[in-house]
Each structure stands twice: as C-alpha cells, then as structure tokens.
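# Observations on the three-dimensional arrangement
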Amino acid sequence: MQQHEIAEVLNRPVSQELLARDITRLAYVAKDGTPRSIPIAFTWNGVEIVMCTTKNAPKLHALRANPMVALTVDTEVHPPRILLIRGRAELDVVDGIPAEYLQMNGTYEMSAEQRVEWEAEVRSLYDGMVRVVVTPTWAKLIDFETTLPSPVEELIRQRAERQNA
C-alpha cells in the first residue's frame, strides 16, 4: 500500500474519530510462536500510533524478535466502525513517564484530585517505560456504509455478475 493511500484512509472523518479513541487491540506473535491480541491504550500523533508499556512487559521480547503488528480500533455499536492498521513496532525505552502515557490516560473521567493522585502513583511506580511506536504501512476502514470487508465486497461483485449474466 502506498503512503498516500494510507494517508487517505487515515484522514477520513470516521478514521479520525476512531483514532481519537482510548483503546486499540495490538496483535503480535508471542515468543512461543502463538498469536496474541491485547487491549492497550494508545494515542495517534498524526503520523504514528504510540502505546506505552512497562519495561518488563513480555510483549517486548516478542516485538524485538518480530516487530510486525496489526492494530484494530473499533466501536461497540451497530453497524460497527472498524479501523485496521498494520505496521512495524519500534521500541523506544525512555526514562520517566512518556508524555503520551499521561495523554492517553488523561481521557478517563477523573476529578482533578483523582488525576493528581493517579499521576503521583504512576510516577512513583515507574522509573521508565517503553514507547511502542507503529507507523502504519497498511490501513483499511470498514464502516458498513461506504466500505465493507473485502470478502463481502467480493460477494457483492459476484452476485452482480450472476444477475447480469
């Protein structure tokens, strides 16, 4: 997929709404060779998906061995809106708490006092974190209004061909 095609998908209004959500599902191949899909908080900076994790997270060993990942951001309503992204995870070990971690967790409903307590707890627990940064190399939006899953699109084409034959 060409970069301009990826940008076109990601810049659609529905994609932008999905990229403003809190949670994505990160899929990767675990160290034992089996697939994993985990929910993880994320933020979109306009170019990359950024997730943060502990420096001792098991997924880091797997991502160092095989950095290819898939992400899903979706809704819980009908019809669902689904944004699928593929890319390569780059790992960035940082001292302290990344700004993105505070940003992505800043959307949860907390009073000002709760927010101060939460941030103090986070800062006392972590001496550093790992930023998992994914630059999209492929993207597809499925909104069931303007776009459908590829197999469904194929079935619609086949039906039209049968009806026109």
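In what follows, the structure referred to is the one given above.
In this report, the structure presented in the accompanying data block is examined. Predicted model, so just to flag it, every value in this text is computed and none were measured.

Moving on, we get to unusual backbone geometry. The omega torsion across H78 and P79 is -5 degrees, close enough to zero to call that bond cis. Structurally, P79 is set in the loop between β5 (68-74) and β6 (82-95). Backbone geometry places F144, a non-glycine residue, at a positive phi of 65 degrees. You can see F144 is positioned in the loop between β7 (128-142) and α6 (150-164). F144 sits in the partly exposed class, given a relative accessible area of 35%.

Scanning all chains against the criterion turns up two aromatic pairs. With a centroid separation of 6.1 Å and 65 degrees between ring planes, the pair formed by Y101 and Y126 is classed as edge-to-face. One end of the pair, Y101, is in helix α4 (residues 99-104); the other, Y126, is in the loop between α5 (112-125) and β7, and 25 residues separate them in sequence. A network of ring pairs unites the aromatic residues Y101, W118 and Y126 as a single cluster. Lying across the ring of W138, R86 places its NZ or CZ 3.7 Å from the centre.

Take the pattern of salt bridges next. As enumerated under the stated definition, the model contains eleven salt bridges in all. Between E8 and R12 there is a salt bridge, with its nearest N and O atoms 2.8 Å apart. The class of E8 is partly exposed, set by a relative accessible area of 42%. For R12, a relative accessible area of 24% corresponds to the partly exposed category. Via salt bridges that share partners, D92, E100 and R131 belong to a single interconnected network.

What counts, and at which threshold
Residues numbered from 1 in each chain as written. Predicted model: local features only at pLDDT ≥ 70, side-chain atom pairs only at ≥ 80, totals over all residues. Heavy atoms only, no water. Helix = DSSP H or I, 4+ residues; strand = E, 2+ residues; numbered from the N terminus. Buried < 20%, exposed > 50% of the residue type's maximum accessible area, 1.4 Å probe, protein only. Phe/Tyr/Trp six-rings, centres within 6.5 Å; stacked < 30°, edge-to-face > 60°. Lys NZ or Arg CZ within 6 Å of the ring centre and 35° of its normal. Salt bridge = Lys/Arg side-chain N within 4 Å of Asp/Glu carboxyl O.

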